[in-house]
Amino acid sequence: MPARMIIAVAVTNDAHKVSGHAGRARHWLVYEVSDATEIPQPRRTDLEAEMVFHHYEEAEKGAHPLDGIEAIIAISAGEGFLKHMAKRGVDVALTAETDPAKAVADYLTNRLSAPKPRPIGALICKTLDLFSKHK
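Nothing here was measured: the structure is a model prediction, and the numbers come from that model.

Some points on the sheet that holds strand 2 (residues 27-33)
Consideration 1: Taken in spatial order, the five strands make up an open sheet running 3-2-1-4-5, and their pairing is mixed. Looking along the sheet, the strands with just one partner apiece sit at the ends: strand 3 (43-46) and strand 5 (91-94). Strand-to-strand twist of the sheet, defined as the mean angle between neighbouring strand axes without regard to direction, takes the value 25°.
Consideration 2: In the sheet, strand 1 (residues 5-10) pairs with strand 4 (residues 71-74) via three bridges, with the strands oriented parallel. Bridging from a neighbouring strand, A8 pairs with I72 of strand 4.
Consideration 3: On the sheet, helix 3 (residues 100-108) packs against strand 1, strand 2, strand 4 and strand 5 and is oriented at approximately 135° with respect to strand 1.

Quick word on the pattern of salt bridges
Consideration 1: Taken as a whole and assessed by the stated rule, the structure comprises five salt bridges.
Consideration 2: Residue E32 pairs with R4 through a salt bridge whose shortest N-O separation is 3.1 Å. Here E32 is found in strand 2, whereas its partner R4 is found in the segment before strand 1, with 28 residues between them in sequence.
Consideration 3: The exposure class assigned to E32 is partly exposed, which follows from its relative accessible area of 38%.
Consideration 4: Measuring nitrogen to oxygen at the nearest pair gives 2.7 Å for the salt bridge that ties D106 to K102.

With respect to helix 3
Consideration 1: Residues of helix 3 that are buried: P100, A103, V104, D106, Y107 and L108.
Consideration 2: Next to the buried residues of helix 3 lie strand 1, strand 2, strand 4 and strand 5.
Consideration 3: Among the residues of helix 3, the N-terminal cap falls to D99, whose side-chain oxygen and the backbone nitrogen of A101 are separated by 3.4 Å.
Consideration 4: Phi turns positive one or two residues past the end of helix 3, at N110, with a value near 55°.

Some words on the nonpolar core
Where a protein is soluble and globular, its nonpolar side chains tend to be buried together.
Consideration 1: Ranked by internal contacts, the top residues of the largest apolar core, which has 20 residues, are W28, L66, I72 and F81.
Consideration 2: If you list the elements that add at least two residues to this core, you get strand 1, strand 2, strand 4 and helix 2 (79-87).
Consideration 3: Excluding anything up to four places from it in sequence, F81 contacts A22, G23, F53, I72 and V92.
Consideration 4: Judged by nonpolar contacts, the second largest core, of 16 residues, contains L29, V33, A93 and L108.

Here we look at helix 2
Consideration 1: Regarding helix 2, the residues found buried are G80, F81, H84 and M85. Viewed end-on, helix 2 has its buried residues packed into an arc of 125°, placing them on one side of the element. Turned more than 90 degrees away from the buried face of helix 2, the exposed residues are A86 and K87.

Quick notes on the packing of aromatic side chains
Consideration 1: Following the criterion strictly, the structure yields two aromatic pairs and no others.
Consideration 2: Measuring from centroid to centroid gives 6.0 Å for W28 and F53, while their planes differ by 90°, and the two rings are edge-to-face. Here F53 lies in the loop between strand 3 and helix 1 (58-61) and W28 lies in strand 2, a separation of 25 residues in the sequence.
Consideration 3: When its relative accessible area of 1% is taken as the criterion, F53 is described as buried.
Consideration 4: Seen from their ring centres, F53 and F81 are 5.8 Å apart, and the 65° between their planes marks the pair as edge-to-face. Linking F53 in the loop between strand 3 and helix 1 with F81 in helix 2, this pair joins segments that are 28 residues apart in sequence. Across the pair, F81 and F53 agree in class, each one buried.
Consideration 5: Members of the aromatic cluster, joined through ring pairs, are W28, F53 and F81.

Analysis parameters
Residues numbered from 1 in each chain as written. Predicted model: local features only at pLDDT ≥ 70, side-chain atom pairs only at ≥ 80, totals over all residues. Heavy atoms only, no water. Pairing = 2+ DSSP bridges. Helix = DSSP H or I, 4+ residues; strand = E, 2+ residues; numbered from the N terminus. Axes fitted to C-alpha atoms, helices over the stretch in contact; angles between N-to-C directions. Contact = heavy atoms within 4.5 Å. Salt bridge = Lys/Arg side-chain N within 4 Å of Asp/Glu carboxyl O. Buried < 20%, exposed > 50% of the residue type's maximum accessible area, 1.4 Å probe, protein only. Polar contact = N/O pair within 3.5 Å; in protein donor to acceptor, adjacent residues only side chain to side chain. Core = buried A, V, L, I, M, F, W, Y, C linked by side-chain atoms within 4.5 Å. Arc of directions from axis to C-beta. Phe/Tyr/Trp six-rings, centres within 6.5 Å; stacked < 30°, edge-to-face > 60°.

This is how it looks when you write it as structure tokens:
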């Protein structure tokens, strides 16, 4: 692990659970981790609608509130989102884990649970990706 790592976790509105569809997530917990054995308290970041990754255009809108993150954890994400984040140098980890702090701890120790199969959700994501700006 680098000396410091910034990890953003897509969360539900109440920030108690990891959420799905990272490209459309408005609520995030951002963890600045310097020690894999101690997970710090996160800062909450709520995105305005135009800053949601699915709608965000760097050339048009400039800096993003989550610039500088090195990893994203979510329940699900479409292929377009995964490719877009890879271009930004951000690792995206998908998981079945719903506790944000545990997901971060598991990510740092390479023990993050695999995401559950979502055949209908995956089909919806693929359909949305057909119309996404991020291909």
